[in-house]
Amino acid sequence: MTDRVLMSRVANAVNLLLFLAACASFALGLYALGDRRDLQAIYWLVVGGISLKAATDMLRPRASGR
Amino acid sequence: MIARAAPPELMPLSERTRVLLPGLYAWLLTVELPALSRGARPLGRVTALVALAALVSGLFMVGGRLRLARGLAIYGFIFACAVTWALLGGELSPARLDRIRAAAGTLGWVLYAFGWGRIRSAHVPEDAPNAVLGAPLAARSHLHRRTVPIAVCAVVAAIGFEALAFRVDRPEHAVLAHATATACALLVLGASATLALRQGTRSDFASGATRLNGVAVRGALLSVLFGIGLVWAALR
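The model shown is predicted, which means the values in this text are computed figures rather than measured ones.

1. Let's talk about the overall build of chain B
When its secondary structure is counted, chain B shows eight helices and zero strands. When its helices and strands are written in sequence order, chain B yields α-α-α-α-α-α-α-α. Burial statistics for chain B: of 236 residues in total, 24% are counted as buried.

Here it is as structure tokens:
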């Protein structure tokens, strides 16, 4: 397995992990909101938003100039 | 030479019924019944009736003018419903809402929205006069094996978000929780669609190292947030 293929697989795995982390963080945020833990809810929702943004940013296509 | 305009598209009876029944159901449960409650303002009852008139007239009275029909039965109907809700004010507070009725009304609104979609006609495509006959075209690619699990995961997560929002029992926070849950569900579903369809299409991607470097800043930010979270949890 070449380094390029290995890095691609690692990137795919990180991508999926970020997506799953975003789902889990959103769920924890809403769960905390139900338990009246507002600050924790905001924390988890922010973490979820950043995770999801990172996951989608990794899917951007290659720049055309390259 | 000016081309003759195409005849207006007719809305079939089945399509009208598919929109009218859920629309009436949603209107009755979420607009009319709250508007008929004792404390409701009379103007709210009037706008509720205007909403009904917009829905029915949009679907039945404008004949073949599909654009006008949709303008009345979608924008006019929803706008009048929204005005009614605004006029009802405290009658719609979560403390006074019947949860079962609200959930059933939500289902009615979902069906109303889906009712505007069109079902593919039952005729055989090859029978169309403009069809090019020949060997069936093979698909250029197949879905990756991870595509379906990602989509299923996103749908389950979206339903879970909506269910978790119902745990919030504080009236003011409940509205925020439902809005947040809906936003999270939409974001996750949208991201999952992109993620699922990009599985196995390496040619469009930058290299793995470039992709990892591209999220380095957000990764660092997440690490800092997790660190803060750990310290916070340890101090509590």
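2. Section: the nonpolar core
With 38 residues, the main nonpolar core has Ala22(A), Phe26(A), Leu30(A), Ala55(A), Phe161(B), Ala181(B) and Val188(B) as its most contacted residues. When residues of this core are traced back to their parent elements, those giving at least two are helix H1 (3-34) and helix H2 (38-57) of chain A together with helix H5 (147-165) and helix H6 (171-197) of chain B. By size, the runner-up hydrophobic cluster in this structure holds 20 residues, among which are Ala26(B), Leu29(B), Ala35(B) and Leu55(B).

3. Digging into the interface of chain B and chain A
Every contact between the two is made by 37 residues of chain B and, on the other side, 32 residues of chain A. For the side of chain B that touches chain A, the secondary structure elements donating two or more residues are H5, H6, helix H7 (208-214) and helix H8 (216-235) of chain B. Of the residues assigned to the side of chain B that touches chain A, the class counts are 21 nonpolar, ten polar and six charged.

4. Quick notes on the packing of helix H2 (residues 42-60) of chain B against helix H3 (residues 66-88) of chain B
A packed helix pair is summarised by two numbers, namely the angle formed by the two axes and the spacing between the axes. Residue and element names in this part refer to chain B. Direction vectors running N to C along H2 and H3 enclose 165°, while the axes themselves pass 8 Å from each other. As summarised for this structure, H2 and H3 are arranged roughly antiparallel, according to the angle between their axes. In this structure, H2 crosses over H3, and the sense of that crossing is left-handed. Each of Leu 43, Gly 44, Thr 47, Ala 48, Val 50, Ala 51, Ala 54, Leu 55, Ser 57, Gly 58 and Leu 59 in H2 lies in contact with H3, whose residues at this interface are Ala 69, Leu 72, Ala 73, Gly 76, Phe 77, Ala 80, Cys 81, Val 83, Thr 84, Leu 87 and Leu 88. Grouping the amino acids of the contact of H2 with H3 by side-chain chemistry returns 16 nonpolar, six polar and no charged.

5. Points about the packing of H2(A) against H6(B)
H6(B) packs onto H2(A) with a crossing angle of 20° between their chain directions and a minimal axis gap of 10 Å. Comparing their axes, H6(B) and H2(A) come out roughly parallel. H2(A) and H6(B) meet at a crossing whose hand is left-handed. When H2(A) is examined against H6(B), the residues Leu45(A), Gly48(A), Leu52(A), Ala55(A) and Thr56(A) are found in contact with a partner set consisting of Thr180(B), Cys184(B), Leu187(B), Val188(B), Ala191(B), Thr194(B) and Leu195(B). Split into classes, the residues belonging to the contact of H2(A) with H6(B) amount to eight nonpolar, four polar and no charged.

6. Quick notes on the environment of Ser192(B)
On the secondary structure map, Ser192(B) appears in helix H6. Given 25 C-beta atoms within a 10 Å radius, Ser192(B) is considered buried. Along the chain, Ser192(B) and Ile150(B) lie 42 residues apart, while their C-alpha atoms are 6.5 Å from each other. Not counting chain neighbours up to four residues away, the residues in contact with Ser192(B) comprise Phe19(A), Ile150(B), Ala151(B) and Ala154(B).

7. Re unusual backbone geometry
In this structure, Arg36(A) is a non-glycine residue whose phi angle is positive, near 65°. When you line up the elements, Arg36(A) lands in the loop between H1 and H2.

8. Some words on the environment of Ala11(A)
All names here are of chain A. Mapped onto the fold, Ala 11 is located in helix H1. Exposure remark for Ala 11: the 22 C-beta atoms within 10 Å place this residue in the buried category. Residues Ala 11 and Leu 59, 48 residues apart in the sequence, show an inter-C-alpha distance of 9.8 Å.

9. Observations regarding the confidence of the model for chain B
All names here are of chain B. Of the residues in chain B, 90% have a pLDDT of 70 or more, and the chain-wide mean is 83. Taken element by element, chain B is modelled with least confidence in H7, mean pLDDT 77, and with most confidence in H5, mean pLDDT 92. Taken together, the stretch residues 1-8 has pLDDT below 50 and engages in three contacts with residues farther than four places along the chain or on a different chain. With a pTM of 0.62, the predicted complex shows an ipTM of 0.87.

Cut-off values and rules
Residues numbered from 1 in each chain as written. Chains lettered and ligands numbered in written order. Predicted model: local features only at pLDDT ≥ 70, side-chain atom pairs only at ≥ 80, totals over all residues. Helix = DSSP H or I, 4+ residues; strand = E, 2+ residues; numbered from the N terminus. Buried ≥ 20, exposed ≤ 12 C-beta atoms within 10 Å, placed from the backbone. Core = buried A, V, L, I, M, F, W, Y, C linked by C-beta atoms within 7 Å. Contact = placed C-beta atoms within 7 Å. Nonpolar A, V, L, I, M, F, W, Y, C, P; charged D, E, K, R; others polar. Axes fitted to C-alpha atoms, helices over the stretch in contact; angles between N-to-C directions. Parallel < 35°, antiparallel > 145°, perpendicular 65-115°, else oblique. Left-handed = near helix turned anticlockwise from the far one by under 90°. pLDDT = per-residue confidence, 0-100.

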